[in-house]
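# Fold and geometry: a report
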There are 8 protein chains.
Amino acid sequence: MSNVPYKRLNKDDAVVLLVDHQTGLISLVQDFSPNEFKNNVLALGDVAKFFKLPTILTTSFESGPNGPMVPELKEQFPDAPYIPRPGQINAWDNEDFVNAIKATGRKQLIIAGVVTDVCVTFPTLSALAEGYDVFVVTDASGTFNTAVQQAAWARMTAAGAQLMNWFSVACELQGDWRNDMEGLANLLSQRIPNYRNLINSYTVLTSK
Amino acid sequence: MSNVPYKRLNKDDAVVLLVDHQTGLISLVQDFSPNEFKNNVLALGDVAKFFKLPTILTTSFESGPNGPMVPELKEQFPDAPYIPRPGQINAWDNEDFVNAIKATGRKQLIIAGVVTDVCVTFPTLSALAEGYDVFVVTDASGTFNTAVQQAAWARMTAAGAQLMNWFSVACELQGDWRNDMEGLANLLSQRIPNYRNLINSYTVLTSK
Amino acid sequence: MSNVPYKRLNKDDAVVLLVDHQTGLISLVQDFSPNEFKNNVLALGDVAKFFKLPTILTTSFESGPNGPMVPELKEQFPDAPYIPRPGQINAWDNEDFVNAIKATGRKQLIIAGVVTDVCVTFPTLSALAEGYDVFVVTDASGTFNTAVQQAAWARMTAAGAQLMNWFSVACELQGDWRNDMEGLANLLSQRIPNYRNLINSYTVLTSK
Amino acid sequence: MSNVPYKRLNKDDAVVLLVDHQTGLISLVQDFSPNEFKNNVLALGDVAKFFKLPTILTTSFESGPNGPMVPELKEQFPDAPYIPRPGQINAWDNEDFVNAIKATGRKQLIIAGVVTDVCVTFPTLSALAEGYDVFVVTDASGTFNTAVQQAAWARMTAAGAQLMNWFSVACELQGDWRNDMEGLANLLSQRIPNYRNLINSYTVLTSK
Amino acid sequence: MSNVPYKRLNKDDAVVLLVDHQTGLISLVQDFSPNEFKNNVLALGDVAKFFKLPTILTTSFESGPNGPMVPELKEQFPDAPYIPRPGQINAWDNEDFVNAIKATGRKQLIIAGVVTDVCVTFPTLSALAEGYDVFVVTDASGTFNTAVQQAAWARMTAAGAQLMNWFSVACELQGDWRNDMEGLANLLSQRIPNYRNLINSYTVLTSK
Amino acid sequence: MSNVPYKRLNKDDAVVLLVDHQTGLISLVQDFSPNEFKNNVLALGDVAKFFKLPTILTTSFESGPNGPMVPELKEQFPDAPYIPRPGQINAWDNEDFVNAIKATGRKQLIIAGVVTDVCVTFPTLSALAEGYDVFVVTDASGTFNTAVQQAAWARMTAAGAQLMNWFSVACELQGDWRNDMEGLANLLSQRIPNYRNLINSYTVLTSK
Amino acid sequence: MSNVPYKRLNKDDAVVLLVDHQTGLISLVQDFSPNEFKNNVLALGDVAKFFKLPTILTTSFESGPNGPMVPELKEQFPDAPYIPRPGQINAWDNEDFVNAIKATGRKQLIIAGVVTDVCVTFPTLSALAEGYDVFVVTDASGTFNTAVQQAAWARMTAAGAQLMNWFSVACELQGDWRNDMEGLANLLSQRIPNYRNLINSYTVLTSK
Amino acid sequence: MSNVPYKRLNKDDAVVLLVDHQTGLISLVQDFSPNEFKNNVLALGDVAKFFKLPTILTTSFESGPNGPMVPELKEQFPDAPYIPRPGQINAWDNEDFVNAIKATGRKQLIIAGVVTDVCVTFPTLSALAEGYDVFVVTDASGTFNTAVQQAAWARMTAAGAQLMNWFSVACELQGDWRNDMEGLANLLSQRIPNYRNLINSYTVLTSK
């Protein structure tokens, strides 16, 4: 039995951090297939937009071999703070990044990135140490292989981070389908093929 | 070494919660094969009935694409509280659901559902925060893939939930085979083929 | 491009051979989970009955540790030829077994058994050598592990056997859903949980 | 060493057959993740359109639980022959389907469908027996699990079918990148995330 | 950083508990291959004997389908307390079993059994609650599948049990090779084929 | 349908070839766990002895890093031809080895070795080319990983070798249990733990 | 039994073809881990050099996103024919490539490339059709995932290609260790860590 | 939320411990492929050298079958303390080893070894108990199989160790790429093939 109240994700207190989803770095990811990973990352972007969460993008050396942030994310968030870090590996070491978070006044960090064991784990540990609640989107974060993934998840869990996936983030923020049923169903339909199939079967049958 | 007494499942203090095992939603489950999953869910239903545990069923939008609760469960529990939620994703946000639990006066929640990371995890975290003991039936709960499953298990474990499987739930409730040997053996025989084989081999040999 | 006509399974020319599905021997099977395997074997039994195919059962030393044939199969085929072999490992070496096949006048053998590499492979090779067409039901045949399974499949394929699964056997025999739509749908609904879910979702929606 | 000339896929002799990719049936597919499978099927659709291959769509009982063909495919091919089969399981048993193929005057069949062991395997065997060359798009065809998949692949290979994947189909039809480099690159970029990343990295660097 | 001293396994304070390794029940084990499991269980028996640890054996209904304890273990420990439980599922509920432990005066429990989620987990939780240190020999304990295994391991870890394997138990008890180098090397050589190979290669080269 | 008679393994025409099971080389094997592999190799040795098959052992540079043949095999066959090859990688290139085979006058070669893709594949291809029937014992042959294993199996199958496992070799040679029931049961009991368990359960029940 | 003589790899008749191992394309490979794949490709390069086999390198659009050939290969073969193809996907469609092969006068093609299903499969099928013997180095050829890999292997096998791995290529070319023991041992030691360990253990013991 | 400050790895407070990476013992490692493991271990060596971290090497009975430390590590650290332990299994029981650590005055231990469950776990638990921070390099530590690996990871995590991988160790020590961009990029390029490919692609494009 837990003795702490369940701190739910709250769309008025949450901010999304997208760390180093760059065209070069993603070639290092092998714990998800490329199609799964792309779908998960863009789904998380969809969720951030749908709930109008402040979203902060950051990259590491995008002019070098790491490559630019994937264009789809940039297009999803044209007005978001975008912080190309000049050298700090842990994004939390970059003042602009932390200030962008602080400027939102929010305390719930939803984070994903490439690679999990570095670009996600380091800022997660730093933020937890400063009192933030951190929710790691495990399936929108990728790394070299599942052994590395499991070790990174264990390290973050031990430090107090909560492991989630993009779908549970969406559902916890939504709370009640009646808040915007069509909107959420549309989002899920784009990113979960079997859910789309259910909706299509249903629509055909009920429109007869 | 633990410094808390072992709180065993107790058939006089336990209640079973079956959350969103719906014909449409189950098509999202890929961390168990369909046959394994069906067997596990119905086995949990058998256990609830065998020990006469109060059981509460709930669904999410069963008139839409999510589909109705699987009929076998409805047939197993024709008189159980049945709460179709009008929109709340976390069943704990539905007053009728929580009141049904409170009406039992019991504090041990045995929970399973679809999908694990949402329909099981959210009420688990809520119930733990309110002081209940929560026992998650991992193999009667399904989700998109094992990566999502593992993250959800870790989140619930960190919050104080206990991970179990339907067989260990049955055994912990039974306590002593002599309480009803034939009854339990019969239940296990229906759901565990290798156990049934043992019994059949034995029966033939000893009836000669 | 093949230069032989496609020999389809034909319900007037096919016979089903169930070899050594015994309560003891099945404990050796580890290439399918016990629940999957049980479901597949009984599904093949359902198919044989549904299409009224002559079916022949045989066992190896059922009075010893190998145990009796699983009772469900015996119950499905109370009047089928039942040949407990006194010692022959390859069922084809047992005259009664071969005579039972010959008595049907049929040339298409649908075979499944335990273990794949012996009880299925040996009679398959023998029957092929005598000019029969042999269709191996791979998912109703089990063995020690997937390495053994793969080697046995390769050996039988090289000898001219066709690898199938119980579902494709059912569909090839049915040919056209209109031959008995309700009957086949009912059979599939019992053995394929996701298909059952589709039917249940559909029925609810169309009965409104 | 082979003693038959290599028959390459030829865009003037090939026709694409999409069999039973229906919203209900796809819930049976578990040998590919839903996202992988959706991507592969739509990629094959893209290939058919890009090379202007005649394409034939067929479904099985789309008014029942099997559900309608996935809408994306219907939208890709609004003018293609579309043959809802009234009952034949093997599409080759449907005269309209075979006539639609014959009307193209083409002899190379590129086929994909759900489920592999029935809806793909049966017409493949029938077509091979009638002298067609059949190219199975393995990754745009799905079924219950990998054991069933492997058995179906072995059966079709033994009968003379060639196993391919959507990407190799695209490349064999293209032959030379110079035939339409931008067009093919665009297609691949939509369906292969790591290829898209390469292109994006390259474009940024070379446009500086 | 831990704030408790490392409590090492100590051959003067440890006792080995072998729970329900019965000929019938073992047919339920599928998270280890039969050969691996047999080797691990007997290796743990070897370790108990080598370090002269008091060892307690217990079974559940050995006259019924569960079958007798595997004879090799009985032969290894002819004089050990042997407690056939008349019905208690949790061995800790059997007074004779607990008294046998108390009679040793030892506080470190090394436990293994079949199945992990019941026969190992239940007494582990009970013993931890009474202040014992419990060391679970994960690879000499088996259960239905790895999902059940992982849930049981998580439950025991959360309660304070330490997860080990038979080899690390042996090494922690030995402490220093010089305590009996030949004896331990001989034990390992019997149970770890690659270690045996190293020794054989070495012996040949150095005896020239 | 095959048009060749089924050539069964025949204990009067078969010879066993054990190639390069050396203490050093075995450390290269990773497609089977060390315990599984050791058990399979020794089981094949047991089979050879049980059926009194002529058996030929050969090694490659046993005085160097490859190490000596595993001593258990040497002990099983103290009087067998033992041919340490001075350099030939393909054992068939060694005259003494081929002569030892020819001296038996037998035409069915049962072969196993380390590593599969070289020490088994090369002599298999050579022997097939000279008209021998070759039966590869896949589970007593090991190599670097399953990708290499699968390629080697495919190469040998294409050349006409038959893939078997030690258990199917034993059963095909035995033919009829009545030839020596106790002997074979004893052999299997030593090498197949679940079979031993069946026998032990049976013996206890029937000796009451 | 095969009725063709075994055509061994012969260092006087073999030529090595390295197709499209380019820095960009390799990011598509996911059926081998990046480290395994790099090691296998360079090992094949080592083998080609060690046996002084003529080696031909070719690339596809190396000025675009596909990237240049990996520099290590270029350095290994500074004087080899190097054919950057202007557009042909199947290298066999490039006259310079085929002429380079013909110029060697050799008929045994050892081929590896990226991706397996296109850059390896297409020229393999073309070469087989023209009467060459083709040996595919499966572990130095990579593609999107194992499903694609398996389909490509099956297609090439059916057309008459032989599946090998770099190690078996090396051993078949060497024939007899005595041809250059130190040279080959050195090569293997660089690419097979466990072999290197054997040699190091041996060297220390025998130099005492 | 964590209530302890994040203790980062600090190159002025960290020391690297390499335990028992010996040529014989490594043949026991099966949870990583030999190539992966070798690459990871040498990469950790590279990291230690790059950051000039004091590094301590120790072995267990290197004159016996365990074999000598792998020569590459010895060559990387010719002047490092090198402690061949005369018998202590837990390196922490060896005074010289602990004194070598104390002599550095550092409190952050970065540890890797063979096998994980013994040679890494035991000193980790001992060091944690004495107040050190311990960072386990999971991918440079190997053991018998993943079940043993997972149990050992869980035991160390529960005791307060942090699970890392060599790449995250490198990045956490580096902190900011600008500290030595070329140096780190060079290190990564040697050990991460896909990163090397990115750099090579980039270099070619930007040098045009």
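Note that this is a predicted model, so its numbers are computed, not measured.

Cut-offs used in this document
Residues numbered from 1 in each chain as written. Chains lettered and ligands numbered in written order. Predicted model: local features only at pLDDT ≥ 70, side-chain atom pairs only at ≥ 80, totals over all residues. Heavy atoms only, no water. Helix = DSSP H or I, 4+ residues; strand = E, 2+ residues; numbered from the N terminus. Rg over C-alpha atoms; globule rule 2.2 N^0.38 Å. Buried < 20%, exposed > 50% of the residue type's maximum accessible area, 1.4 Å probe, protein only. Areas by Shrake-Rupley, 256 points an atom, 1.4 Å probe, with all protein chains shown as cover. Lys, Arg positive; Asp, Glu negative; His and termini not counted. Charge placed at Lys NZ, Arg CZ, Asp CG, Glu CD. Contact = heavy atoms within 4.5 Å. Buried area = accessible area lost by both parts, 1.4 Å probe. Salt bridge = Lys/Arg side-chain N within 4 Å of Asp/Glu carboxyl O. Nonpolar A, V, L, I, M, F, W, Y, C, P; charged D, E, K, R; others polar. Axes fitted to C-alpha atoms, helices over the stretch in contact; angles between N-to-C directions. Parallel < 35°, antiparallel > 145°, perpendicular 65-115°, else oblique. Expected span 1.5 Å × (residues − 1). UniProt positions renumbered as here; feature names shortened; annotations may be inferred. Least-squares fit on C-alpha atoms with pLDDT ≥ 70 in both. Core = buried A, V, L, I, M, F, W, Y, C linked by side-chain atoms within 4.5 Å. Phe/Tyr/Trp six-rings, centres within 6.5 Å; stacked < 30°, edge-to-face > 60°. Lys NZ or Arg CZ within 6 Å of the ring centre and 35° of its normal. Domains from an automatic or database assignment. Polar contact = N/O pair within 3.5 Å; in protein donor to acceptor, adjacent residues only side chain to side chain.

### Brief notes about the overall build of chain A
- When helices and strands are tallied, chain A shows eight helices and six strands.
- Listing each helix as α and each strand as β along chain A from the N terminus yields β-α-β-α-β-α-β-α-β-α-β-α-α-α.
- For 208 residues, the compact-globule formula gives about 17 Å, and the C-alpha radius of gyration of chain A, at 17 Å, lands near that figure.
- Each principal axis of the C-alpha atoms in chain A carries an extent, and together these give about 60 × 45 × 35 Å.
- Here chain A holds 208 residues, and 69% of them are scored as buried.
- In the structure as shown, chain A presents an accessible area of about 6500 Å², 51% of it carried by carbon and sulfur atoms.
- Computed over 16 positive and 21 negative side-chain charges, the inter-centroid distance for chain A is 5 Å.

### So, the interface of chain B and chain A
- Residue-level contacts link 38 residues of chain B with 31 residues of chain A.
- Taken as a group, Pro65(B), Ile89(B) and Arg155(B) account for 21% of the area that chain B buries against chain A, more than any other trio of residues on that side.
- Applying the counting criterion to the chain B and chain A interface returns two salt bridges.
- Here Asp93(B) makes a salt bridge to Arg8(A), at a shortest N to O gap of 2.5 Å.
- Among the elements of the structure, helix H4 (116-129) and helix H5 (146-158) of chain B are those that each provide at least two residues to the side of chain B that touches chain A.
- Per-element accounting of the side of chain B that touches chain A gives the leading share, seven residues, to H4(B).
- Looking at the side of chain B that touches chain A residue by residue, the class counts come to 19 nonpolar, 14 polar and five charged.

### Some words on the packing of helix H1 (residues 34-50) of chain G against helix H1 (residues 34-50) of chain H
- The N-to-C vectors of H1(G) and H1(H) enclose an angle of 105 degrees; their axes lie 9 Å apart at closest approach. Overall, the two elements H1(G) and H1(H) adopt an arrangement that is roughly perpendicular. Of H1(H), the residues touching H1(G) (which contributes Asn35(G), Glu36(G) and Asn39(G)) are Asn35(H), Glu36(H) and Asn39(H).
- Residues that form the contact of H1(G) with H1(H) fall into these classes: no nonpolar, four polar and two charged.

### Examining helix H8 (residues 193-206) of chain F
- End to end, H8(F) covers 20 Å across 14 residues, agreeing with the expected 20 Å (1.5 Å per residue, within 8%).
- Counting buried residues along H8(F), 10 of its 14 residues qualify, which places the element largely inside the surrounding structure.
- The set of residues buried in H8(F) consists of Pro193(F), Asn194(F), Tyr195(F), Arg196(F), Asn197(F), Leu198(F), Ile199(F), Asn200(F), Ser201(F) and Leu205(F).
- On the buried face of H8(F), the contacting elements are helix H8 (193-206) of chain B, helix H1 (34-50) and helix H2 (71-76) of chain E together with helix H7 (181-191) of chain F.

### Description of the UniProt feature "domain: Isochorismatase-like" (unreviewed entry) in chain A
- Those places that UniProt annotates as "domain: Isochorismatase-like" (unreviewed entry) correspond, in this numbering, to residues 16-166 of chain A.
- End C-alpha to end C-alpha, residues 16-166 of chain A measures 11 Å, and it is 40% helix and 19% strand.

### Overview of unusual backbone geometry
- In the segment running from Val114(A) into Val115(A), the intervening peptide bond is cis, with an omega of 0 degrees.
- You can see Val115(A) is positioned in the loop between strand E4 (108-113) and helix H4 (116-129).
- The backbone of Lys52(F) shows a phi angle near 55 degrees, a positive value even though the residue is not glycine.
- Examined against the element boundaries, Lys52(F) turns out to sit in the loop between helix H1 (34-50) and strand E2 (55-60).
- Its relative accessible area of 71% is what places Lys52(F) among the exposed residues.

### Quick notes on the relation of the copies chain D and chain A
- Once chain D has been moved 0.0 Å along the axis and rotated by 180 degrees, it coincides with chain A to within an RMSD of 0.0 Å. Look at the turn and shift together and you get a two-fold axis relating the two.
- In this assembly the copies share their binding face: 100% of the residues contributing to the interface of chain D also contribute to that of chain A.

### Some details on the pattern of salt bridges
- One pass over the full model with this rule turns up 61 salt bridges over all chains.
- Among the salt bridges present, the one from Glu172(D) reaches Arg155(G), with a minimum N-O distance of 3.1 Å. Within this pair, whereas Glu172(D) is found in helix H6 (residues 166-174), its partner Arg155(G) is found in helix H5 (residues 146-158), the two belonging to separate chains.
- Note on Arg155(G): relative accessible area 4%, which makes it buried.

### Brief notes about the nonpolar core
- In this structure, Ile110(C), Ile110(D), Ile110(F) and Ile110(G) are the most contacted members of the largest nonpolar core, which totals 328 residues.
- For Ile110(G), the residues in contact, after removing those within four places along its chain, are Leu9(G), Ala14(G), Val15(G), Val16(G), Leu17(G), Leu44(G), Leu53(G), Phe135(G), Val137(G), Val169(G) and Leu173(G).
- Core analysis: the second largest hydrophobic core is formed by 327 residues, Phe32(B), Val41(H), Tyr132(H) and Phe135(H) among them.

### Section: the packing of aromatic side chains
- For the coordinates displayed, the defined rule picks out 48 aromatic pairs over all chains.
- With a centroid separation of 5.5 Å and 75 degrees between ring planes, the pair formed by Trp92(G) and Tyr132(G) is classed as edge-to-face. Separated by 40 residues along the polypeptide, Trp92(G) in the loop between strand E3 (82-85) and helix H3 (95-104) and Tyr132(G) in the loop between helix H4 (116-129) and strand E5 (133-137) bring together distant segments of the chain. Just as Trp92(G) is buried, Tyr132(G) falls in that class too.
- A ring pair is formed by Phe32(H) and Phe37(H), whose centres lie 6.3 Å apart and whose planes are at 20 degrees; its orientation type is stacked.
- A relative accessible area of 3% means that Phe37(H) is categorised as buried.
- Put simply, the rings of Phe144(A), Trp166(H) and Phe167(H) touch in pairs and so form one group of aromatic residues.
- Positioned above the aromatic ring of Tyr132(B), the side-chain terminus of Lys107(B) is 4.1 Å from the ring centre.

### Some thoughts on the domain arrangement of chain A
Residues and elements named next belong to chain A.
- Along its sequence, chain A is organised into domain 1 (14-175) and domain 2 (176-207).
- Centre-to-centre, using C-alpha coordinates, domain 1 lies 27 Å away from domain 2.
- Listed per partner, the contact involves 11 residues of domain 1 and 11 residues of domain 2.
- Scanning the region where domain 1 abuts domain 2 turns up one salt bridge.
- Across the pair Asp46 and Arg191 runs a salt bridge whose closest N-O atoms are separated by 2.7 Å.
- At the boundary of domain 1 with domain 2, the tally comes to five residue pairs in polar contact (both at pLDDT 80 or more).
- Among the elements of the structure, helix H1 (34-50) and helix H6 (166-174) are those that each provide at least two residues to the side of domain 1 that touches domain 2.
- Top element by residues in the side of domain 1 that touches domain 2 is H1. It accounts for six residues.
- Taken together, the residues of the side of domain 1 that touches domain 2 break down into seven nonpolar, three polar and one charged.

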